[in-house]
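Tertiary structure, described
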Amino acid sequence: MRLRPTAVLATATALLAALAAPATARPSAPDVAAASAAGLDRAVAHWRPGHHLPFLAVVTPVDRRTRATMVGVSWKPGCPVPIEDLRIVTMTYWGFDDRPHLGRLMVHEDVARDVVHVFGDLYRDRFPIRRMELIERYDADDDASMAADNTSAFNCRPITGTTDRFSIHSYGKAIDVNTIENPYVKGDLVLPAAGSAYLDRTDVRPGMVVAGDEVVRAFAARGFTWGGDYTSLKDYQHFEIATP
């Protein structure tokens, strides 16, 4: 499904309009889209324990400032998708500190709406996420992002352990969730190293993804497959929609 460049989910538009502006000056939908991050940040900042904050999400094109941080870092000439085909999903997520936070994922426009639905389900289930920052925050270093327990999506890079095949992350159609609690495991290799504390998948702790849980079900309902089902290795953090 192709989203318009300034597409905003209708529910988020209505909520942001109510949260981000005084009653005497309600902005139009385009105005809300332009001020989406500020409106979401304000809504999260005003949350207090015991209050209900609905899941909020806005889908926008890659802005010029973010694009400048990507070129030559997470995106280079020869990457399989142009930056114009990517979207930033700014949304609320539930943290390990039992409160809402604001995060951003960069994904392909074709899966942006599905990603919103998935993380809306996780938010309503209060599945905790450590952090959700664009990979440019880590200079596109996947190891650094994983070590920070960062949930991320787009990064034009090879498949782990290869040099000649693009990862599905390069297409903006893969997401890694809570990378420490859900490590990549191949033989004796565990990435990130701190994920070694979570190799016993029967000892289920907050933030872990295990077979049949609400995270796997939410992603599966939108067509994503899970790396925890791989047989030659286990990539517990990884969800993807394969490219044609």
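Structure: see above.
Our subject in this report is the structure included herewith.

Cut-offs and rules
Residues numbered from 1 in each chain as written. Predicted model: local features only at pLDDT ≥ 70, side-chain atom pairs only at ≥ 80, totals over all residues. Heavy atoms only, no water. Helix = DSSP H or I, 4+ residues; strand = E, 2+ residues; numbered from the N terminus. Buried < 20%, exposed > 50% of the residue type's maximum accessible area, 1.4 Å probe, protein only. Contact = heavy atoms within 4.5 Å. Pairing = 2+ DSSP bridges.

Some words on the environment of Val209
- Relative to the elements of secondary structure, Val209 occurs in the loop between strand S6 (189–191) and helix H7 (214–220).
- Using a relative accessible area of 0% as the deciding quantity, one classes Val209 as buried.
- The spatial distance from the C-alpha of Val209 to the C-alpha of Asn182 is 6.5 Å, given a sequence separation of 27 residues.
- If we ignore the near neighbours within four places in the chain, the residues touching Val209 are Phe127, Asn182, Arg201, Val215, Val216, Trp226, Tyr236 and Phe239.

Some points on the sheet that holds strand S5 (residues 184–186)
- Strands sit in the order S6-S5-S8 across an open sheet of three strands; the sheet is antiparallel. Each end of this open sheet is capped by a strand with a single partner; those strands are S6 and strand S8 (234–235).
- In terms of strand pairing, S5 meets S6 through three bridges, oriented antiparallel. Considered in S6, the bridge of Lys186 is made with Leu189.

Some points on unusual backbone geometry
- Look at the link from Leu191 to Pro192: it is a cis peptide, with omega at -5°.
- Locating Pro192 in the fold gives a position in the loop between S6 and H7.
- A positive phi is found at Asp98, a non-glycine position, where the angle reads about 60°.
- Among the secondary structure elements, Asp98 is positioned in the loop between strand S2 (86–94) and strand S3 (100–108).
- The backbone of Asn178 shows a phi angle near 45°, a positive value even though the residue is not glycine.
- As for its placement among the helices and strands, Asn178 is situated in the loop between strand S4 (174–176) and S5.
- Its relative accessible area of 0% is what places Asn178 among the buried residues.

Here's the deal with the sheet that holds strand S7 (residues 225–226)
- The sheet built from three strands is open, its strands ordered S4-S9-S7 with antiparallel pairing. Two strands bound the open sheet, and with one partner strand each, they are S4 and S7.

Comments concerning the pairing of strand S1 (residues 57–61)
- Here S1 lies mainly inside the structure; four of its five residues are buried.
- In this structure, S1 lies alongside S2, joined through five bridges in antiparallel fashion. Looking across to S2, one finds that Ala57 is bridged to Met91.

What about the side chain of Ser145?
- With respect to the element layout, Ser145 can be found in helix H6 (residues 142–147).
- Excluding its chain neighbours within four sequence positions, the residues that come into contact with Ser145 are Ile135, Tyr138, Asn150, Ser152 and Thr179.

In short, the description is geometric, and any link to function would need to be established separately.
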